[in-house]
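This is what each chain is made of:
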Amino acid sequence: MLLKWVILLLVAWYVSKAFGNLILALRGVPIEQNRPIPRPPEDGIKVKKQSEAKPEAAKVRQIEDARFEDL
């Protein structure tokens, strides 16, 4: 029973936040972000490219056409 009330309070809090943000948006007030998204430094990003595809993947596989029979 207590868990049900806790969940209802949590849902009511989210709904009140959504309506509050809606009213602020209608008034034209910018909504503050709670926390910024951390970004890695640009120098820390490294991309590795494969020099050649594997020989098995480069071959074209022969696949037979499926035959459908009406039952």
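Note: the structure precedes this text.
The structure presented is a predicted model; accordingly, all values stated were derived computationally and were not measured.

### Observations regarding the overall build of the protein chain
So, point 1. Along its length, the protein chain carries two helices and zero strands.
So, point 2. For the protein chain, the proportion of its 71 residues judged to be buried stands at 0%.
So, point 3. Accessible surface for the protein chain amounts to roughly 8600 Å². Of this, 60% is attributable to carbon and sulfur atoms.

### Concerning the packing of aromatic side chains
So, point 1. Applying the stated criterion across every chain yields a total of one aromatic pair.
So, point 2. Ring geometry for W13 and Y14: centres 4.9 Å apart, planes at 65°, overall edge-to-face.

### A closer look at helix α1 (residues 2–27)
So, point 1. In this model, α1 (26 residues) spans 38 Å end to end at C-alpha, consistent with the 38 Å of a helix rising 1.5 Å per residue.
So, point 2. After α1 finishes, the residue G28 shows a positive phi value of roughly 95°.

### Quick notes on a nonpolar patch on the surface
So, point 1. Together, L3, I7, V11, V15, F19, L22 and L26 make up an exposed nonpolar region whose accessible area comes to about 710 Å².
So, point 2. Mapped onto the elements, L3 comes out in helix α1.
So, point 3. Look at L3 and you get exposed, because its relative accessible area is 60%.

What counts and what doesn't
- Residues numbered from 1 in each chain as written.
- Predicted model: local features only at pLDDT ≥ 70, side-chain atom pairs only at ≥ 80, totals over all residues.
- Heavy atoms only, no water.
- Helix = DSSP H or I, 4+ residues; strand = E, 2+ residues; numbered from the N terminus.
- Buried < 20%, exposed > 50% of the residue type's maximum accessible area, 1.4 Å probe, protein only.
- Areas by Shrake-Rupley, 256 points an atom, 1.4 Å probe, with all protein chains shown as cover.
- Phe/Tyr/Trp six-rings, centres within 6.5 Å; stacked < 30°, edge-to-face > 60°.
- Expected span 1.5 Å × (residues − 1).
- Patch = residues over 30% accessible without salt bridge, like charges linked within 9 Å, V, L, I, M, F, W, Y side chains within 5 Å.
- Salt bridge = Lys/Arg side-chain N within 4 Å of Asp/Glu carboxyl O.

By themselves, these observations are geometric and do not establish any function.
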